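# Structural characterization, general
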Amino acid sequence: MIAFRLALKKISPQQLFMGSALIVNGGNYLYNLLLGRLLGPEAFADAALLVTLLLVLSFVGMTFQLATTRFAVLFSGDNWSAFKNTMYKYALIFGVISGSVILFFSKYLQQIFHTQNHWMFVIFAIGTPLYFVMSVNRGRFQGKQEFTKLAGTYQTEMWSRLILTFAFLWFLPLEPGILIAIGIGLSFVFGLIPSNLNSIQIFSKNQLKGDELKKVWIFIGLTAGYELTQIIINNSDVLLVKHFFNSIDAGLYASLALIGRVVYFVAWMFVMLLMPTVMQKHKDGESTAPVLFKYVFFIGSLSTLIVIACYLMPETIINMMFGSAYISVAHLLWQYALATSLFAISNIFAYYFLSLNQYAPVVLSGLLGMSQVVLITFFHSSLTMVVQVQIIAMVVLLIAQVLFFLFKNTKRDNKSISL
């Protein structure tokens, strides 16, 4: 026991978060894999839709998380306290509005995505405000580099969703979509547990004002724009396939997307560490490019290994994770993994630029994100074509991000020489 405690003390908070993130990603994967095996392709299509909506919610919540992260680095004292209270207030208001919109259009969503009922959207809408409050909490921990607490919020959310969802599926005689929505909603409650709830002062009179509030609004607006592009790029394919194809094909594609996105979820783990580090180094006047290179190397190496594995043994991977019912899309696995890998690497560049207040990549990602939607809308004669048009869009996006980085650094070097 003593040896274990000594070993634990040698682990840095960053290393602890990395290990925790791997467990969370593994747990989320297990959650989806078990749903796929338990429900089969047709019923899994509804479950995958809810998971996709959860991913959309996480991207929107990331706007609040990243804004809180940034100003947790920049603000201190009374400004930090006022900013924190303001963010909680904004998060709750936006959550209530978003949940109300989902609730109002629940029956329309059922028609668009051909689900068995609309109650799964109703339940999802009720839990939405809690997610945004939880996102502000995570931003606090991330900005202050309290990675142990940050890890705790992800752990409680993941494990509660995993355990509760399957307990409901096994013991309650209701539609799977409804039960999965209940499990997701309750997981947001558990995600708040590691936080000090007394520090959440939504209705405090101590709110941010003046120029500081203007800076916050500008950053929130730009970050929201970028997160919108992330939603489009990362989720539009699943939603469009659910709309254009039958339930069986949509379920098959959902399994393909889930396996192929493993690179993106690991990249997210590095983004959590990259942003506060880059912000702090920039604030201190230190070089930030080495941080970018390190994380691009990590993600690039991992991506290469995953794509190779998906190319060499696609049927083995599909059969092991989802079973023989999904084997017909095995030939597309390496292509989808390639598209996601390109997106993950370009995403590292984009969050790096966002950390440095360089917003041109936000506009760039938005344009290319919309181009992906347009391409899939017009070219969806088969699942193969859907995957291949995404590869084209992601190649263009990554090249554009790299060229922007080279342009900014060349411009900076020329300026230094002239001085």
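Structure's up top.
Overview of the structure. Please read all numbers here as calculations on a predicted model, not as lab measurements.

Our focus in this paragraph is the nonpolar core. Leu 35, Met 87, Tyr 253 and Tyr 352 are the most contacted members of the largest nonpolar core, which totals 139 residues. Discounting residues that sit within four places of it in the chain, Tyr 352 has contacts with Leu 274, Val 278, Thr 288, Ala 289, Leu 292 and Phe 405.

Moving on to the environment of Glu 212. Mapping Glu 212 onto the fold places it in helix 8 (residues 210-244). Take Glu 212: its relative accessible area is 27%, and that puts it in the partly exposed class. Sequence separation between Glu 212 and Ile 102 is 110 residues, and the spatial gap between their C-alpha atoms is 32 Å. Aside from chain neighbours lying at most four places away, what touches Glu 212 is Phe 75 and Asn 79.

Scanning all chains against the criterion turns up 23 aromatic pairs. Summarising the aromatic geometry, the rings of Tyr 31 and Phe 166 are spaced 6.0 Å apart at their centres and angled 80° between planes, so their arrangement reads as edge-to-face. Note that Tyr 31 is positioned in helix 2 (residues 13-74) and Phe 166 in helix 6 (residues 147-171), a separation of 135 residues in sequence. Residue Tyr 31 is classed as buried on the basis of its relative accessible area, which comes to 3%. Given a relative accessible area of 4%, Phe 166 falls into the buried group. Aromatic ring contacts, followed pair by pair, group Phe 293, Phe 349, Tyr 352, Phe 353, Phe 404 and Phe 405 into a single cluster. Sitting over the ring of Phe 71, Arg 70 keeps its end group 5.9 Å from the ring centre. A cation over an aromatic ring shows up here: Arg 161 above the ring of Tyr 31, its NZ or CZ 5.9 Å from the ring centre.

Cut-offs used in this document
- Residues numbered from 1 in each chain as written.
- Predicted model: local features only at pLDDT ≥ 70, side-chain atom pairs only at ≥ 80, totals over all residues.
- Heavy atoms only, no water.
- Core = buried A, V, L, I, M, F, W, Y, C linked by side-chain atoms within 4.5 Å.
- Buried < 20%, exposed > 50% of the residue type's maximum accessible area, 1.4 Å probe, protein only.
- Contact = heavy atoms within 4.5 Å.
- Helix = DSSP H or I, 4+ residues; strand = E, 2+ residues; numbered from the N terminus.
- Phe/Tyr/Trp six-rings, centres within 6.5 Å; stacked < 30°, edge-to-face > 60°.
- Lys NZ or Arg CZ within 6 Å of the ring centre and 35° of its normal.

Keep in mind these values describe shape, not function.
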